[in-house]
Amino acid sequence: MKKIELEQVSKFYEKDVPIIEDLDLGIEEGSFTILLGPSGCGKSTTLRMIAGLEEVSGGTLKIDGRDMKNVQPGDRDIAMVFQNYAIYPTMTVRENIEFGLKNAKIPKAERRKRIEEIGGITGLTEYMNRKPNALSGGQRQRVALARAMVKNPQVFLMDEPLSNLDAKLRTQLRTELIELHQKLKSTFVYVTHDQVEAMSMGTHIVLMRDGKVMQQGTPEEIYDDPDNVFTAKFIGTPPMNVFRAEACPKSWKIPEQAHYIGFRPEHVRFFRPETESIELEGRIITREMLGAEILYKLDTPYGFLQARDYHTADKHEGNVRLWLSRGELCFFDSQENRIRSHMEEY
Amino acid sequence: MKKIAGKSIRGMVNILLILIFFVPFYWMALTAIKTLGQTLQSPPVFWVSNPQFENFISAFHAIDFMHYLKNSVITTIGVLAAQLITIVPAAYAFARYDFKGKGVLFGMVLATTMIPAQLVFLPVFLILSKLHLINTYWSLILPQATSAFGIFMLRQSFMQVPKELIEAARLDKAGELKIMFRIMLPMCRSTVATLALLSFIGCWNDYFWAKVLTTSDAVRTLPVGITALRNVDGGVANHIVMAGNLIMLVPILVAFVIAQKQILKAFAYTGVK
Ligand SMILES: Nc1ncnc2c1ncn2[C@@H]1O[C@H](COP(=O)(O)OP(=O)(O)O)[C@@H](O)[C@H]1O
Ligand SMILES: [Mg+2]
């Protein structure tokens, strides 16, 4: 069932300058949906419209099938976690968590019970009487999470909540958020520009550019089956290799409309595969040892490419032969959109 | 060499500034403990060896000190309360809302700081007398019930509060009043303390409005009452007047000591220090 629906939604801050135009989006109940995209593409704006912090300029936004046009942020049964935490600096941790409950007129005994419980979950029990300025960044973000969770909302909205934390804490909180989602079973809408974060946390990814949805689907769909060059290049570390078709030899039998050819770094092989394949030569420029795997950057007659190999006894150096399995190639047309009709032919 | 010269010039300027502020105060305090004869002596004396502390008792008894004190307290509390009610929402609206005519309105608010009280007291008097409010506490409270300077200062502080905090409060079902008084005001407490102190001093020491808008002693405040002390010894009792002034100063000193930390913070924050 759709929890949140955006139909033909648009957003203008100034006349004639659409930030978001005719956006159609459905967010499944209980999903962990990620709004992903480069900085400035309108992710936060979309999230803030869902929260009711930003007016919808055109189209309709529904939560639980109900038009949210005249519903105040506080009445939407949502909670939001901000990038800069936005916890009340003059209140203690407990007061921060309690503020929303008090405003919702929840009785004192119930408040105390809920705060205790949340304190346990977020590990804040011993910091309840501290002011935010006596907390670390990670602890502050936990306060923000606790403040959101304690309200038992149907929907959690999070705008880059981990981006102010250091790498280690970020990975840790990432796991905690996944666990939290599984435990609460509520709908999470999470904004990030970090595709690793998106891939690792989301059950559903919405990839945006310039206020438009470029592709949406599960992380697997988005990774394995990109709809366009943008998606192919945005997702994956390193991203998909994309060659211009005109630079490639006739012998590769590229479909006529194709302007671009893409393939994932892990699909570049240093040995001939059993399936039908293309052979090319390249020179290794750099080699990065990442532990279980090794990344190569290579120069070929058709452009640079990146290859990912498992960490084995073979060490590739200098000029090498490479193979691409034909079935793993993606073709894109002049508009950079995926050509799918040719898949069966080849 | 240059450095030393610069330093000594700065030192001298500082000493001069201290003198400018300190000398009148010293003169007041000194006069308050002089005898009548010493106050009239020429050349003036700058030190007394026989301080007349009973001047304070005289000052206290020569007029109905408690009566004026009560009026001062009521007026001051009234003004401060009225300013809290009027300044905070105005500052919040100017800082956080976009509405038609906001620029013009704000310009008008600022412009009022440039109109001297002497120019408006007559219309104010006429209005208040039409409303039959002359010689009531209202006549002393209403003319000072808001402060353009306060609105301006608080607006500047409110603009520093990150908008996410207000949004978070909105998501927490807080209404505008709660956002103003529970979130914004505590965050701007150093500005609030500074403004409160300035208003307190202004109101506590106010002579002009208290004199102009009253015709009887019923609601007159200390600054007006104290001028009557001059008549104690046949119209020249400056020492008693100064003793009275010194007593009147005590609450201001106390308030300043209490608010000092917050005020210094406010100036450090705005970079005026
Ligand atoms: N209050 C605003 N007024 C005008 N333009 C804005 C405002 N907020 C955001 N924008 C513009 O809208 C676009 C999308 O912003 P945003 O949704 O914050 O992007 P993202 O979160 O994806 O980085 C940006 O080009 C930004 O400059
Ligand atoms: Mg953003």
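S.K.: Explain the overall build of chain A here, please?
M.R.: From N to C terminus, chain A includes 8 helices and 18 strands. Overall, the C-alpha framework of chain A stretches about 75 × 50 × 35 Å when taken along its three principal axes. Across the 346 residues that make up chain A, the buried fraction comes to 51%. Counting only contacts in chain A whose residues sit at least 6 apart along the sequence, the fraction spanning at least 24 positions is 65%. Total accessible area on chain A stands at roughly 16,700 Å², and carbon and sulfur atoms take up 46% of it. Averaging the coordinates of the 47 positive side-chain charges in chain A and doing the same for the 52 negative ones gives two points 7 Å apart.

S.K.: Would you mind showing me how to read the side chain of Arg308(A) here?
M.R.: Residues and elements named next belong to chain A. The topology assignment puts Arg308 in strand 16 (residues 303-310). Engagement of the side chain of Arg308 in a polar contact is seen with the side chain of Glu266, the distance being 3.3 Å. Not counting chain neighbours up to four residues away, the residues in contact with Arg308 comprise Tyr223, Thr237, Pro238, Pro265, Glu266, Val268, Glu293, Ile294 and Leu295.

S.K.: Please clarify how the interface of chain B and chain A should be interpreted in this entry.
M.R.: Often the size quoted for an interface is simply the accessible area lost on bringing the parts together. On the side of chain A, 22 residues touch chain B, which itself brings 17 residues to the contact. Taking both partners together, chain B and chain A bury about 1,800 Å²; carbon and sulfur atoms supply 62% of that area. Summed over the shared surface of chain B and chain A, the number is 3 salt bridges. Its salt-bridge partner being Glu167(B), residue Arg48(A) comes within 2.8 Å of it at the nearest N-O pair. Our count for the contact surface shared by chain B and chain A stands at 11 residue pairs in polar contact (both at pLDDT 80 or more). Listing elements by their share of the side of chain B that touches chain A, those giving two or more residues are helix 9 (163-171) and helix 10 (176-187) of chain B.

S.K.: Even after reading the chapter, I still don't get the packing of helix 5 (residues 102-112) of chain B against helix 8 (residues 148-160) of chain B, so can you show me in this structure?
M.R.: Packed helix pairs are characterised by how far apart their axes lie and by the angle those axes make with each other. Residues and elements named next belong to chain B. Where helix 5 contacts helix 8, the two axes come as close as 8 Å, and the packing angle between them is 130°. The angle between helix 5 and helix 8 places the two elements in the oblique class. For the pair helix 5 and helix 8, the contacting residues are Phe106, Val109, Leu110 and Thr112 in the first and Ala148, Ile151, Phe152 and Arg155 in the second. Taken together, the residues that form the contact of helix 5 with helix 8 break down as 6 nonpolar, 1 polar and 1 charged.

S.K.: I would appreciate a short explanation of the domain arrangement of chain A in the present structure.
M.R.: For chain A, the assigned domains are domain 1 (2-224) and domain 2 (239-345). Between the C-alpha centres of domain 1 of chain A and domain 2 of chain A there is a distance of 38 Å.

S.K.: What should I look at first to understand the sheet that holds strand 12 (residues 260-263) of chain A in this one?
M.R.: The strands making up a sheet associate through hydrogen bonds between their backbones, and the pairing can be parallel or antiparallel. Residue and element names in this part refer to chain A. The strand order 11-12-18 describes an open sheet built from 3 strands, whose pairing is antiparallel. Edge positions in the open sheet fall to strand 11 (241-244) and strand 18 (330-332), since each of these has one partner strand only. Strand-to-strand, the axes of this sheet are offset by a mean angle of 25°, without reference to chain direction.

S.K.: Please clarify how the nonpolar core should be interpreted in this entry.
M.R.: Among soluble globular proteins, nonpolar side chains are generally buried collectively. Leu157(A), Leu154(B) and Phe158(B) are the most contacted members of the largest nonpolar core, which totals 57 residues. Looking at this core, the element that brings in the most residues is helix 4 (residues 65-96) of chain B, giving 6 residues. Among residues more than four places away in sequence, those in contact with Leu157(A) are Leu47(A), Ile50(A), Ala51(A), Ile78(A), Ala79(A), Met80(A), Val81(A) and Val189(A).

S.K.: Sorry if this is basic, but what is going on with the site of ligand 1 here?
M.R.: All names here are of chain A. The immediate surroundings of ligand 1 are formed by Tyr13, Ile19, Ser39, Gly40, Cys41, Gly42, Lys43, Ser44 and Thr45. Separating an oxygen atom of ligand 1 from a side-chain N or O atom of Ser44 is a distance of 2.6 Å. A distance of 2.5 Å separates an oxygen atom of ligand 1 from a polar side-chain atom of Thr45. For ligand 1, the accessible surface in isolation is 560 Å², of which the surrounding protein chains cover 57%.

S.K.: Help me understand a positive patch on the surface in this model?
M.R.: A contiguous patch of positive charge, built from Arg94(A), Lys102(A), Lys105(A), Lys108(A), Arg112(A), Lys178(B) and Arg182(B), is present on the exposed surface. Taken together, the elements giving at least two residues each to the positive patch come down to helix 2 (93-103) and helix 3 (108-122) of chain A together with helix 10 of chain B. Here Lys108(A) shows up in helix 3.

S.K.: Is there a simple way to think about helix 10 of chain B in this case?
M.R.: Residues three or four positions apart in an α-helix share a direction because the helix packs 3.6 residues into each turn. Its 12 residues give helix 10 of chain B an end-to-end C-alpha distance of 15 Å, which sits within 8% of 16 Å, the value for a rise of 1.5 Å per residue. Within the span of helix 10 of chain B, buried status applies to Ile179(B), Met180(B), Ile183(B), Met184(B) and Leu185(B). Considering only its buried residues, helix 10 of chain B is in contact with helix 2 of chain A together with helix 4, helix 8, helix 9 and helix 11 (189-204) of chain B.

Conventions adopted
Residues numbered from 1 in each chain as written. Chains lettered and ligands numbered in written order. Predicted model: local features only at pLDDT ≥ 70, side-chain atom pairs only at ≥ 80, totals over all residues. Heavy atoms only, no water. Helix = DSSP H or I, 4+ residues; strand = E, 2+ residues; numbered from the N terminus. Buried < 20%, exposed > 50% of the residue type's maximum accessible area, 1.4 Å probe, protein only. Contact = heavy atoms within 4.5 Å. Areas by Shrake-Rupley, 256 points an atom, 1.4 Å probe, with all protein chains shown as cover. Lys, Arg positive; Asp, Glu negative; His and termini not counted. Charge placed at Lys NZ, Arg CZ, Asp CG, Glu CD. Polar contact = N/O pair within 3.5 Å; in protein donor to acceptor, adjacent residues only side chain to side chain. Buried area = accessible area lost by both parts, 1.4 Å probe. Salt bridge = Lys/Arg side-chain N within 4 Å of Asp/Glu carboxyl O. Axes fitted to C-alpha atoms, helices over the stretch in contact; angles between N-to-C directions. Parallel < 35°, antiparallel > 145°, perpendicular 65-115°, else oblique. Nonpolar A, V, L, I, M, F, W, Y, C, P; charged D, E, K, R; others polar. Domains from an automatic or database assignment. Pairing = 2+ DSSP bridges. Core = buried A, V, L, I, M, F, W, Y, C linked by side-chain atoms within 4.5 Å. Near = heavy atom within 4 Å. Patch = residues over 30% accessible without salt bridge, like charges linked within 9 Å, V, L, I, M, F, W, Y side chains within 5 Å. Expected span 1.5 Å × (residues − 1).

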